[in-house]
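# A structural walkthrough
In case you want the letters, here they are:
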Amino acid sequence: MRLSRLPLLLAGLLAAHGAAARDAIDPTSCTLRGHKLYGKIQVVNAFPDLKVRVVTAFPQLKVKKVDAFPDRCGEWRYVDSFPDTKIQFVDAFPDLEIEFVTAFPGIK
């Protein structure tokens, strides 16, 4: 009887791990679920394209803030209008975990 519960327990543990474990970044286009991980980024409080958690170790993406030409993977320029991607910073259940860096941005 206990062995029959094992698959349900494993499924629950994987679901609790969050969407970051299920969704993989496409390294060829630097996208996650069709949303660019570079370019003009707008921070919103509701209805984001992606929920992002900032970490200091083992990020999925290293992000460098730039003032102009955010055209490489991991380069973000914050804007207030006409973004490529809208993000919301969260503490739990992120779609993407990032670390801010000053050099060498991109997929880890």
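Now for a look at the structure at hand. Bear in mind that the values here come from a model prediction, so they are computed numbers and not experimental data. (Residues numbered from 1 in each chain as written. Predicted model: local features only at pLDDT ≥ 70, side-chain atom pairs only at ≥ 80, totals over all residues. Heavy atoms only, no water.)

## What to know about the state of the cysteines
Among covalent bonds in proteins, the disulfide is the one between the sulfur atoms of two cysteines. Applicable threshold: Put simply, a disulfide is two cysteine sulfurs that come within 2.5 Å. Every helix listed is a DSSP run of H or I at least four residues long, and every strand listed is a run of E at least two residues long, numbered separately from the N terminus. Burial here depends on accessible area, computed with a 1.4 Å probe over protein chains only, as a share of the maximum for the residue type. Under 20% is buried, over 50% is exposed, and the range in between is partly exposed.
In this structure the tally under the stated criterion is 1 disulfide. A disulfide bridge connects cysteine 30 with cysteine 73, and the sulfur atoms are separated by 2.0 Å. Between cysteine 30 and cysteine 73, the disulfide has an S-S torsion of 65° and is therefore right-handed. Taken together, the residues span a long stretch of sequence, with cysteine 30 in the loop between helix 2 (19-22) and strand 1 (31-32) and cysteine 73 in the loop between strand 5 (61-65) and strand 6 (75-78) at a distance of 43 residues. According to the relative accessible area criterion, cysteine 30 is buried, its value standing at 4%.

## Quick word on unusual backbone geometry
You will see that phenylalanine 82, though not glycine, has its phi angle at about 55°, which is positive. Here phenylalanine 82 lies in the loop between strand 6 and strand 7 (85-89). Under the relative-accessibility criterion, phenylalanine 82 is labelled exposed at 69%. In this structure, phenylalanine 93 takes a positive phi of about 55° despite not being glycine. One can find phenylalanine 93 in the loop between strand 7 and strand 8 (96-100).

## Overview of the pattern of salt bridges
We apply this condition: Put simply, a salt bridge is a Lys or Arg side-chain nitrogen that is within 4 Å of an Asp or Glu carboxyl oxygen.
Under the definition given, this model contains 3 salt bridges. One salt bridge connects aspartate 84 with lysine 36, and the closest N-O pair in it is separated by 3.6 Å. Taken together, the residues span a long stretch of sequence, with aspartate 84 in the loop between strand 6 and strand 7 and lysine 36 in strand 2 (residues 35-36) at a distance of 48 residues. Residue class for lysine 36 comes out partly exposed when judged on its relative accessible area of 29%. Glutamate 97 is the salt-bridge partner of arginine 53, the closest N and O atoms lying 2.2 Å from each other.

## Re the pairing of strand 4 (residues 50-54)
Using the following cut-off: Two strands form a pair only when DSSP identifies at least two bridges running between them.
In the sheet, strand 4 pairs with strand 7 via 3 bridges, with the strands oriented parallel. Bridging from a neighbouring strand, valine 52 pairs with phenylalanine 89 of strand 7. Of the pairings in the sheet, the one linking strand 4 to strand 8 comprises 3 bridges and is parallel in character. Bridge pairing links valine 54 to isoleucine 98 in strand 8.

## Here's the deal with the side chain of aspartate 95
Under the convention used in this document: Under this definition, polar contacts are N or O atom pairs within 3.5 Å; protein pairs additionally need one hydrogen-donor-capable and one acceptor-capable atom, and for neighbouring residues in sequence, both atoms have to be side-chain atoms.
Within the element layout of this structure, aspartate 95 appears in the loop between strand 7 and strand 8. Owing to a relative accessible area of 11%, aspartate 95 belongs among the buried residues under this scheme. Within the structure, aspartate 95 has its side chain in polar contact with the side chain of arginine 33 (distance 2.8 Å).

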